[in-house]
Amino acid sequence: MMRIKWNTSWIKNLKGLTWKEILNQGVKYYKNLNKNQRIVAGIIAGSILIGSTVLTTHYVNNLNMIYRVYVEGEEIGVISNGYELEKWLDEELDDKVKEYPKLFVHFDKKVYYKKDAEYKGVTNNRQVFDYLNKNVHAIASAQALVVNDEVIAYAKDQKTINNTLEHLKSLYSGKPVARAEGVLTASTSNQTVAAGQSNSLPGDPIVTIKENVKTVATNVSPEKVLNDEQLLQLLQKGELEPKKYVVQSGDTYSSIAKKHGIKIRELRAINPQISNDKIKPGNELNVKAFTPKITVLTTVQEEAIEVMPAPVEVRSDSSMYKGDQRVVASGKDGKRHVKYYIVKENSNVVTKKVLQETILNEPSKRIVVRGTKVKSDRGTGSFRMPAYGYISSGYGYRGGAFHKGIDIAGGGSGSPIFAADNGRVVRAGWYGGYGNCIIIDHGNGFRTLYGHMSSLKVRVGQVVHKGQVIAGKGTTGNSTGVHLHFEVIKNGSNVNPMSYIR
Ligand SMILES: [Zn+2]
C-alpha cells in the first residue's frame, strides 16, 4: 500500500479569503503535489462533485409546489394547483350571479390559498373540494322583513321592502304611493312603520301598518330573495302560490266551498273574476282564503249627504183582513249632512262612527194600517147577493130548457161582483158558454159559479172572503147583454140560489 503524506497547513490559513483566492490556493497546492498525490486528490474532488450533484437532483425531484387552502383562516387541506381553486370559486359564483343578476352575490366564508414548496409534499384535492362543496356557499346580501318578531320574507334591499309596503298602503287606502325614503329606515334598528302621518293634510287618510314591522340586514341563499311582485303577493295573500282548483262538471259554488272547507262568502271574495257564482268546467278558482301578512290600517274622516228614509209606523186593524194594508200617511224622506270616523283593516271597515250630524230636512212618518183578521176559506153557510141589480131570469125551466142559476142584470159593465161566501177559488178563466167564469169552493159542500164577467180579479187557489170583489160584470160567452149568471151547487147538484141567499 502506498503511503502519501499530506501537507494540510494551507487549509488552516483559508479563513477570510474569497472563493477565488481559496481556488488559487488549491491550484497552487495541487501544483506542488507529486504525481501520486495528484491522482488521489483528483479522485477525491471528482467524488465530491458527483455526490453533491446526485443529492441535489434527488432533492429537487422530490420538492413539490403545493397550494394550502384556507377557509376562514384555517387550513383545510392541500391541493396541487391553485388554478383549480380559482376555477371552483369562479364557477360557484358565476352560476349564481347569472341566475340572480340583480342581487349582490358573494361567498359566505373567506376562501384563499397560499403557494408553498414542500419536500415530498402530499395533496388531497378531493377532500378539499368535498369540504368546499359542503361548507362554502354563494349567498346574497338581503334585508329580512320581520313582522311581529318573525322573519316572513327576504328582499334585495330596503327600497324594495319600502316600495312594497307603500304599494300595499295605497292599494287599501286609495292614497297615491308616497316616496319610499324614510318609511323604514336604518336596517337592524327596531323601528316600526309610521309613514304618512307627518306629511298628511287634514282630512287625508292616516295610513299605518298594524303589525310591528322592521328589517334586518342579512345574508341569505339567493333563491330565497323575493322580487317586488312576489313580496306584494306574499304580504297581501299570505302565500306565493295561491291554491287553485279547476272546476269539474257537476261542481257548484257551494260544493266547491264545502270541498275546500271555506264559506261560500269567502269563495266569492277570493274569486272576484266570477260573477253570480256562474262557473263552467275548466274555470280556475282560488280555493284558499287569504291570510294577509300585513294589515293596512286606514283611518279617515268622511263627509256625506245622506237620505234619511221616512220612518214607518205600522198600525193594526182587526176589521181588515190579514194581507190587506192601507197607507194613511205616505211620509217623506229626509236629508242629513254627516261626518264619519272610519277605520279600515285592509278593505274591511272595522269602525264607523258618526262624529257630527246636521239634519237638512226632517223626514216625516209613513203610517201604514195592516189588517189582522184571518181569512177563512170555509163558508159561513149563508150567501149574500153576488152583484148589484135585479133578477132578470130565475132558476128552473125556461122555454123548455133548464136554467141552472139566476141572472142578475143592471149595474153596468164592470160593476163589482162579490164572493157570495168565504171560500177558495177553484176555477178562474174562460169556461165555454159561461165566458169568463169563476167557481168558488166554500169547503162545506157548497160551490158557487159566476159567469159572463168582463174581468177577473182573483186566481185559482186564492182564498176569498165573503163580499170580496172577485170580478167585473160583463157579457162574455153565450150572453146577449151585461149580466151575471150565478149558480149554487150543493154536493155536486144545482140548487135554487134564491133558497140560500139571505
Ligand atoms: Zn143565466
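Participant: Would you explain the packing of aromatic side chains in this entry?
Facilitator: The geometry of an aromatic ring pair is captured by the separation of the ring centres together with the interplanar angle, meaning the angle of the planes. Counted by the stated rule, this structure contains 10 aromatic pairs. Each ring, one from Tyr388 and one from Phe418, has its centre 5.3 Å from the other, and the planes form 75°; the classification is edge-to-face. Remark: Phe418 occurs in strand E22 (residues 416-418) and Tyr388 occurs in the loop between strand E17 (366-373) and strand E18 (390-393); sequence separation between them is 30 residues. Its relative accessible area of 7% is what places Phe418 among the buried residues.

Participant: It is not clear to me how the coordination of the zinc ion should be interpreted in this structure. Could you clarify?
Facilitator: In ideal tetrahedral geometry, four donors around a metal make angles of 109.5 degrees, whereas ideal octahedral geometry with six donors gives angles of 90 or 180 degrees. Protein coordination at the zinc ion comes from His403 (NE2), Asp407 (OD) and His485 (ND1), with a distance range of 1.9 to 2.2 Å. Considered as a linear motif, the donors of the zinc ion on their single chain read H-x3-D-x77-H. Separated by 82 residues along the polypeptide, His403 in strand E20 (residues 401-403) and His485 in strand E29 (residues 483-490) bring together distant segments of the chain. The same class applies to His403 and to His485, which are both buried.

Participant: Looking at this structure, I do not really get the pattern of salt bridges. What am I missing?
Facilitator: Should the charged atoms of two oppositely charged side chains come close, the side chains can pair. Summed over all chains, the structure comprises 16 salt bridges. Salt-bridge contacts for Glu166 lead to Lys169; the nearest nitrogen and oxygen are separated by 3.3 Å. Here the residue Glu166 and the residue Lys169 both occupy positions in helix H6 (residues 158-173), the gap between them amounting to three residues, near one helical turn. Classification of Lys169 by relative accessible area gives buried; the value is 4%. Counted as one network, the salt bridges with shared partners bring together Arg68, Glu75 and Asp116.

Participant: Quick question: what am I supposed to make of the packing of helix H4 (residues 82-99) against helix H5 (residues 125-135) here?
Facilitator: Working note: a packed helix pair is described by the angle between its axes plus the distance between those axes. Their axes nearest at 12 Å, the elements H4 and H5 cross at an angle of 20°. Taken together, the axes of H4 and H5 are roughly parallel relative to one another. Relative to H5, the crossing made by H4 is right-handed. Together, Glu84, Leu85, Trp88 and Glu92 of H4 and Asn125, Phe129, Leu132 and Asn133 of H5 make up the contact between the two elements. A per-class count over the contact of H4 with H5 returns four nonpolar, two polar and two charged.

Participant: Would you explain the nonpolar core in this entry?
Facilitator: What tends to happen in soluble globular proteins is that the nonpolar side chains get buried as a cluster. Grouped together as the largest cluster of nonpolar side chains are 23 residues, with contacts concentrated most on Ile417, Ile438, Ile440, Tyr450, Ile470, Leu484 and Phe486. Counting 19 residues, the second-largest nonpolar core is a separate cluster that includes Leu168, Val207, Leu226 and Leu232.

Participant: How should I be thinking about the confidence of the model for the protein in this particular structure?
Facilitator: For residues with low pLDDT, the predicted coordinates do not support detailed interpretation. Here the protein shows a mean pLDDT of 86. Residues at 70 or above account for 87%. Scored below 50 in pLDDT, residues 180-201 shows 45 contacts in the model against residues more than four places distant or in partner chains.

Participant: Any chance you could explain the side chain of Glu487 here in plain terms?
Facilitator: Structurally, the position occupied by Glu487 is in strand E29. Buried Glu487, no salt bridge; nearest opposite-charge side chain is Lys404, N-O distance 4.9 Å. Here the side chain of Glu487 touches Tyr434 through a polar contact of 2.7 Å, side chain to side chain. For Glu487, the residues in contact, after removing those within four places along its chain, are Lys404, Gly405, Tyr434, Arg447, Thr448, Leu449, Asn494 and Pro497.

Participant: I keep staring at the sheet that holds E17 and nothing clicks. Help me out?
Facilitator: Here we have three strands laid out as an open sheet, ordered E13-E17-E14, and mixed in their pairing. Both outer strands of the open sheet, strand E13 (312-321) and strand E14 (325-329), are each paired with one neighbouring strand and no more. Across the sheet, the mean angle from the axis of one strand to that of its neighbour is 30°, orientation sign disregarded. The sheet contact formed by E13 and E17 spans seven bridges and is parallel.

Participant: Please clarify how the sheet that holds E22 should be interpreted in this entry.
Facilitator: Strand pairs in the sheet, formed through backbone hydrogen bonds, run parallel or antiparallel to each other. Taken in spatial order, the three strands line up as E22-E28-E26 in an open sheet, and their pairing is antiparallel. Either end of the sheet is taken by a strand with one partner, and the two such strands are E22 and strand E26 (455-456). The pairing of E26 with strand E28 (residues 469-472) spans two bridges and is classified as antiparallel. Looking across to E28, one finds that Ser455 is bridged to Gly472.

Conventions adopted
- Residues numbered from 1 in each chain as written.
- Predicted model: local features only at pLDDT ≥ 70, side-chain atom pairs only at ≥ 80, totals over all residues.
- Heavy atoms only, no water.
- Phe/Tyr/Trp six-rings, centres within 6.5 Å; stacked < 30°, edge-to-face > 60°.
- Helix = DSSP H or I, 4+ residues; strand = E, 2+ residues; numbered from the N terminus.
- Buried < 20%, exposed > 50% of the residue type's maximum accessible area, 1.4 Å probe, protein only.
- Donors = N, O, S within 2.8 Å, 3.2 Å for Na, K, Ca; no water.
- Salt bridge = Lys/Arg side-chain N within 4 Å of Asp/Glu carboxyl O.
- Axes fitted to C-alpha atoms, helices over the stretch in contact; angles between N-to-C directions.
- Parallel < 35°, antiparallel > 145°, perpendicular 65-115°, else oblique.
- Left-handed = near helix turned anticlockwise from the far one by under 90°.
- Contact = heavy atoms within 4.5 Å.
- Nonpolar A, V, L, I, M, F, W, Y, C, P; charged D, E, K, R; others polar.
- Core = buried A, V, L, I, M, F, W, Y, C linked by side-chain atoms within 4.5 Å.
- pLDDT = per-residue confidence, 0-100.
- Lys, Arg positive; Asp, Glu negative; His and termini not counted.
- Polar contact = N/O pair within 3.5 Å; in protein donor to acceptor, adjacent residues only side chain to side chain.
- Pairing = 2+ DSSP bridges.

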